[in-house]
Amino acid sequence: MSIIFIGYFLCIFSAHANDWLTLKIEGVDDVLARNIKAHLGALPKSNVQRRAFIFNAEDNTTAALHSLGFYHGVIHEEVAQSKDGPWTLSLSITPGEPTRLQWIDINFDGEIVEDKFILNWLDTVTIKPGDVLNHGTYDQLKSQLVTIALARGYFDGKYKRSAITINRDLNTAQITLHYDSGKRYHIGTVSFEGHTLNDELLNELLPFETNSLFSTGKLSSLNRELLDTSYFSNIKVLPQIDKTQGLAVPIKVELSPKPSHSIELGLGADIGNTTDNSMEPRSPSIAISTRRRSPCITTQASGTT
């Protein structure tokens, strides 16, 4: 380890203090210190909580170090008790050598292999060999892939393998993400509810063909088309995943007409550019809801994992 790297950790961080405990963390940089504080949790508010906090401090600190790739940390814990004021818990930490990524293996099976959007997303992944292992970054990458796949209509997708393999002797780690998307679903019948307009007129606003490949970007485009009519105070575009027929997902659109005296005012709002070439919303089971003068996209929980 270089002298510069050693000096990087020679800092003392005084954490929060309350009537029961003062926490001091020594020997780590601010990133590690923040992560340790997060793992330790809120400072105690009673004598019982204080004893539990101190009892679990070493294990929680070890977990914090591991989560950021430090598997050889040495923790020295010291408790100074006081009769008249808060106790002081001092943690002196030597993190040791970090674990670095040896390789990252991201592999696809299923129709997602032909999806240019996913291939473009791969180009944005910044994690690379040589980086210090960060379990949070791994979890984020794993979750982001599932989220995007669902938003693109791969509702049967699943990981065949997802793992971090760590060699503590060599301080190396390998990330493996093997994802099988299965088939991509399509947009089925679009039905409109809660309006007094002719269905033919509304069908002309559809920015996609029936049975086209599913994506939440297309549903956002439909929301925008309906918004631009200025006829509605509330718009919800709801993919009905639980009513899928074959690979076709029915789309229910709930509309609330504006009061007749307010039609001429217009909404004067824009939900932004959402197309198939931009990042999809966070979940495929969405309610794209636009309210008068305050349009937004809200997300509902999906039963798909």
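All values derive from a computational prediction rather than experimental measurement.

## Things to note about helix α5 (residues 135-151)
Look at α5: 24 Å from first C-alpha to last across 17 residues, which is about the 24 Å you get at 1.5 Å a residue. Listed as buried for α5 are Y138, L141, L145, V146, T147, I148, A149, L150 and A151. For α5, the secondary structure elements touched by its buried residues are β5 (100-109), α4 (116-124), β6 (158-167), β7 (172-180) and α7 (216-228). Capping the start of α5, N134 holds a side-chain oxygen 2.8 Å from the backbone nitrogen of G136, two or three residues further along. Two residues or fewer past α5, G153 is found with a positive phi of approximately 95 degrees.

## A look at the nonpolar core
V190, L226, I251 and V253 are the most contacted members of the largest nonpolar core, which totals 43 residues. Contributions of two or more residues to this core are made by β5, α4, α5, β7, β8 (186-193), α7, β9 (232-239) and β10 (248-257). Each residue touching V253, except ones within four places of it in the same chain, is listed here: V190, S191, F192, E193, L222, L226, K236 and V237. One finds I36, A64, F70 and I93 within the second-largest nonpolar core, a separate group that totals 21 residues.

## Points about the confidence of the model for the protein
With 79% of its residues at a pLDDT of 70 or more, the protein has an overall mean of 83. In the model of the protein, strand β13 (residues 298-299) stands out as the element of lowest mean pLDDT, 31, in contrast to β7, which has the highest, 98. Scored below 50 in pLDDT, residues 1-12 makes 17 contacts in the model with residues more than four places away or belonging to other chains. Long-range and interchain partners of residues 281-305, a stretch whose pLDDT sits below 50, account for 75 contacts in this model, where long-range means more than four residues apart.

## Quick notes on the packing of aromatic side chains
Inspection of every chain in the model, using the stated rule, returns four aromatic pairs. Between the aromatic rings of F155 and F214, the centroid separation amounts to 5.2 Å while the plane-to-plane angle is 70 degrees, which identifies the pairing as edge-to-face. Of this pair, F155 sits in the loop between α5 and β6 while F214 sits in the loop between α6 (199-203) and α7, and the two are 59 residues apart along the sequence. In this structure, F155 and F214 share a single accessibility class: buried. A centroid spacing of 5.1 Å and a plane angle of 70 degrees characterise the contact between Y159 and Y179, whose relative ring orientation is edge-to-face. You can see Y159 sitting in strand β6 and its partner Y179 sitting in strand β7, a full 20 residues away along the chain. Accessibility classification places Y159 together with Y179 in one group, the buried group. The side chain of R50 reaches across the aromatic face of W87, ending 3.8 Å from its centre. Directly above the ring of Y159 sits K142, whose terminal nitrogen or CZ lies 5.7 Å from the centroid.

## Comments concerning the environment of S233
Positionally, S233 belongs in strand β9. Relative accessible area serves as the criterion here: at 18%, S233 is assigned to the buried category. Counting along the chain gives 24 residues from S233 to P257, while the straight-line C-alpha distance between them is 5.6 Å.

Parameters and conventions
Residues numbered from 1 in each chain as written. Predicted model: local features only at pLDDT ≥ 70, side-chain atom pairs only at ≥ 80, totals over all residues. Heavy atoms only, no water. Helix = DSSP H or I, 4+ residues; strand = E, 2+ residues; numbered from the N terminus. Expected span 1.5 Å × (residues − 1). Buried < 20%, exposed > 50% of the residue type's maximum accessible area, 1.4 Å probe, protein only. Contact = heavy atoms within 4.5 Å. Polar contact = N/O pair within 3.5 Å; in protein donor to acceptor, adjacent residues only side chain to side chain. Core = buried A, V, L, I, M, F, W, Y, C linked by side-chain atoms within 4.5 Å. pLDDT = per-residue confidence, 0-100. Phe/Tyr/Trp six-rings, centres within 6.5 Å; stacked < 30°, edge-to-face > 60°. Lys NZ or Arg CZ within 6 Å of the ring centre and 35° of its normal.

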